[in-house]
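# Structural overview
Residue strings, one per chain:
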Amino acid sequence: ERRFDKNASVFKDWRHDTPERLAACCEHDFQHWKLDKFVKAEEKRAKIIETVTRHMGTLKALHTYYASCSINPGYPYMSELEYGSFLKKLKIQDKDFYKGIEFKGTMQKGVDGAQDNQLIRFQFVELVIRLSLAWNKNAGGGLSEAEAVQAFIENEVIPKTQDIVE
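Definitions and cut-offs
- Residues numbered from 1 in each chain as written.
- Predicted model: local features only at pLDDT ≥ 70, side-chain atom pairs only at ≥ 80, totals over all residues.
- Heavy atoms only, no water.
- Salt bridge = Lys/Arg side-chain N within 4 Å of Asp/Glu carboxyl O.
- Helix = DSSP H or I, 4+ residues; strand = E, 2+ residues; numbered from the N terminus.
- Buried < 20%, exposed > 50% of the residue type's maximum accessible area, 1.4 Å probe, protein only.
- Expected span 1.5 Å × (residues − 1).
- Phe/Tyr/Trp six-rings, centres within 6.5 Å; stacked < 30°, edge-to-face > 60°.
- Core = buried A, V, L, I, M, F, W, Y, C linked by side-chain atoms within 4.5 Å.
- Patch = residues over 30% accessible without salt bridge, like charges linked within 9 Å, V, L, I, M, F, W, Y side chains within 5 Å.
- Areas by Shrake-Rupley, 256 points an atom, 1.4 Å probe, with all protein chains shown as cover.
- Contact = heavy atoms within 4.5 Å.
- Axes fitted to C-alpha atoms, helices over the stretch in contact; angles between N-to-C directions.
- Parallel < 35°, antiparallel > 145°, perpendicular 65-115°, else oblique.
- Nonpolar A, V, L, I, M, F, W, Y, C, P; charged D, E, K, R; others polar.
- Disulfide = S-S within 2.5 Å.

## Some remarks on the pattern of salt bridges
Inspection of the entire model under this criterion finds 8 salt bridges. Put simply, Glu 42 and Arg 45 hold a salt bridge, and the shortest N to O gap is 2.5 Å. One end of the pair, Glu 42, and the other, Arg 45, are both in helix α3 (residues 42–54), 3 residues apart, so they sit about a helical turn from each other. Residue class for Arg 45 comes out buried when judged on its relative accessible area of 14%.

Spelled out as structure tokens, the structure:
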């Protein structure tokens, strides 16, 4: 009878996400963000970081899922094709909606393993923030940046990706 032995498998280094692990992910990712380039006020950035920290488990799971679907080069890199699948899942197919949110515009060569035409987790999360701001603008701009990020994640991302995250 075959038995699965995690320690003898490719999953031997895998660990459950704990609040401490997710906080460490956030701390790592925030060091590489360009958030200050498009959200100028420090207090607004702090609120966005608070929201992202609260939802990092979901965002990390989504990146892991889509990066795992990438064929070339594969996890931990998410290709443009998988990013397109993420947008499709959110039902964002109107190019005018995300005009200016360039997949390639988030690339940072030489940063913690980042590669051309691939997203690692911190870049994916940054794109979610940019999408949140575009979503708010598209809806009339009635929310602050932090409120837009929270509303987009809670009202668009989480409900439309439940089947992936759960």
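We are not done yet, so read on.
## Quick word on unusual backbone geometry
Most peptide bonds take the trans configuration, and most residues that are not glycine carry a negative phi. If you check the backbone angles, Lys 91 has positive phi at about 65 degrees while not being a glycine. Here Lys 91 is to be found in the loop between α5 (80–89) and β2 (118–119). With a relative accessible area of 66%, Lys 91 lands in the exposed category.

## Details of helix α6 (residues 121–138)
Given a rise of 1.5 Å per residue, 18 residues ought to cover 26 Å, and the 25 Å separating the end C-alpha atoms of α6 matches this to within 8%. Taking burial as the measure, the 18 residues of α6 include 14 buried ones, the bulk of the element.

## Points about the packing of aromatic side chains
Inspection of every chain in the model, using the stated rule, returns 6 aromatic pairs. Put simply, the rings of Tyr 65, Tyr 66, Tyr 83, Phe 86 and Phe 124 pair up and form one aromatic cluster.

## Focus: the nonpolar core
By size, the foremost hydrophobic cluster in this structure holds 37 residues, and its most contacted members are Ile 48, Val 52, Met 78, Tyr 83, Phe 86 and Phe 152. Only α1 (19–30), α3, α4 (56–69), α5, α6 and α7 (145–160) provide two or more residues apiece to this core. By residue number, the principal contributor to this core is α6, which donates 8 residues.

## Thoughts on a nonpolar patch on the surface
A contiguous nonpolar patch, built from Phe 4, Val 10, Phe 11 and Trp 14 and spanning about 530 Å² of accessible area, is present on the exposed surface. Phe 4 gets classed as exposed once you look at its relative accessible area, which sits at 61%.

## Some points on the side chain of His 55
Along the chain, His 55 turns up in the loop between α3 and α4. You can call His 55 buried: its relative accessible area is 11%. Setting aside residues up to four positions removed in sequence, His 55 forms contacts with Ile 153, Glu 154 and Ile 158.

## Considering the packing of α6 against α7
With their axes 8 Å apart at the nearest point, α6 and α7 run at an angle of 100 degrees to one another. The pairing of α6 with α7 is recorded here as roughly perpendicular in orientation. Here Val 128, Ile 129, Leu 131, Ser 132, Leu 133, Trp 135 and Asn 136 of α6 come into contact with α7, specifically with Glu 145, Ala 148, Val 149, Ala 151, Phe 152, Ile 153 and Glu 156. The class makeup of the residues in the contact of α6 with α7 is 10 nonpolar, 2 polar and 2 charged.

## Things to note about the environment of Gly 74
Here Gly 74 lies in the loop between α4 and β1 (78–79). Linking Gly 74 and Gln 118, residues 44 residues apart in sequence, is a C-alpha distance of 9.3 Å.

## Things to note about the state of the cysteines
Following the criterion strictly, the structure yields 0 disulfides and no others. Distance from the sulfur of Cys 26, which forms no disulfide, to the nearest cysteine sulfur (Cys 25) is 6.8 Å.

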